[in-house]
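Architecture and fold: a report
Each chain, letter by letter, is given below.
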Amino acid sequence: VLAAGKSSRMGIPKLSLKYDEENTFIEHIVNEYLRFGCNEIVIVVNEDGIGYFKERKIQFPNKVKVVINEHPDWNRFYSLKIGAKSLSEIHPVFIHNVDNPFVNYDVLNELLNHKSKADYISPEIKGKGGHPILLSDKNINEIRLTQKDQMHFKEFLNQYPKIKVPVDDEKILANINTMKEYTKYFGF
C-alpha cells in the first residue's frame, strides 16, 4: 500500500482519513486485503505516517509490515522499490494507493485470474485504467534489483506486457486528493 506522499492538497495524511465510523483509509485497506487472503502486506509511509501510527497506537497483525520512505519527494517508484525489498519472498503483488480506499474482491479476483497472461495487469472501465494493479513476481524482482531509485513508474511499467481487465466498478478510478473529492465519496 503506497502511502508515503505528503498529502499537501488534502492538508492531512490521507491514510488518516475516516473510511467509516471505525476505520481510517489505511485500516480499511489493510483489513480488506487480509480478508481477501493476502499472505503479506507492506505499507510504505513517510515520517508523518509513522508518527500517526505511534500517536494513535495503531498496530497491525504480523502479516503487515510498515516501512518508511525517507525520500517522499522522490517518485513513487522509490516507495514501490523499498516496499518490494521488504517482502519476505518474491510473489505477485497488488499495488494499492492509499488515496483510493476502495477494495473490491471481484476486481482483485479478476486481476488474479489473469496473472499468468502478463507482467502488469490493470483493471479498466469505459476505456480508463484504474487501481489496484497487479504486478508479476518477475516485475517485483526487477524492481528489487534495479539500481535506479528515481524513475517514473509508468516508464518502468511500459517495458512489460500489459493486460487491461474489464471490470464493473467505477471506484477503480477514484483518486482522493482534496477535501472536495473526499466529500464526493464520503459526505463527511
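Look up a bit, the structure's there.
So, here's what we can say about the structure. Here the structure is a predicted model, which means the values were calculated and not measured.

1. Focus on the sheet that holds strand β1 (residues 2-3)
- Read from one edge of the open sheet, three strands run β1-β2-β3, paired in parallel fashion. Every interior strand has two partners, whereas the edge strands, β1 and β3 (64-68), have only one.
- Pairing analysis gives five bridges linking strand β2 (residues 41-45) to β3, with the strands arranged parallel. Bridge pairing in β3 places Ile41 opposite Val64.
- The sheet strands contacting helix α3 (residues 76-85) are β1, β2 and β3, and the helix crosses β2 at an angle near 140°.

2. Observations concerning the packing of aromatic side chains
- Scanning the model with the defined rule gives 15 aromatic pairs in all.
- Ring plane angle 55° and centroid distance 5.9 Å describe the contact between Phe25 and Tyr182, whose orientation is recorded as tilted. Of this pair, Phe25 sits in helix α1 (residues 25-36) while Tyr182 sits in helix α7 (residues 179-186), and the two are 157 residues apart along the sequence.
- Residue class for Tyr182 comes out buried when judged on its relative accessible area of 5%.
- Here the aromatic cluster, defined as three or more aromatic residues joined through ring pairs, consists of Tyr19, Phe25, Phe102, Tyr182, Tyr185 and Phe186.

3. A look at α3
- With eight of ten residues buried, α3 lies mostly within the body of the structure.
- When we look at burial in α3, the residues that qualify are Phe77, Tyr78, Ser79, Leu80, Lys81, Ile82, Gly83 and Ala84.

4. Regarding the packing of α3 against helix α5 (residues 137-145)
- Two numbers describe how α3 lies on α5: the axes approach to 8 Å, and their chain directions differ by 105°. The angle between α3 and α5 falls in the class roughly perpendicular. Only Ile140, Ile143 and Arg144 of α5 make contact with α3, whose side of the interface consists of Phe77, Leu80, Lys81, Ala84 and Lys85.
- Residues belonging to the contact of α3 with α5 are distributed by class as follows: five nonpolar, no polar and three charged.

Quick notes on the rules
Residues numbered from 1 in each chain as written. Predicted model: local features only at pLDDT ≥ 70, side-chain atom pairs only at ≥ 80, totals over all residues. Heavy atoms only, no water. Pairing = 2+ DSSP bridges. Helix = DSSP H or I, 4+ residues; strand = E, 2+ residues; numbered from the N terminus. Contact = heavy atoms within 4.5 Å. Axes fitted to C-alpha atoms, helices over the stretch in contact; angles between N-to-C directions. Phe/Tyr/Trp six-rings, centres within 6.5 Å; stacked < 30°, edge-to-face > 60°. Buried < 20%, exposed > 50% of the residue type's maximum accessible area, 1.4 Å probe, protein only. Parallel < 35°, antiparallel > 145°, perpendicular 65-115°, else oblique. Nonpolar A, V, L, I, M, F, W, Y, C, P; charged D, E, K, R; others polar.

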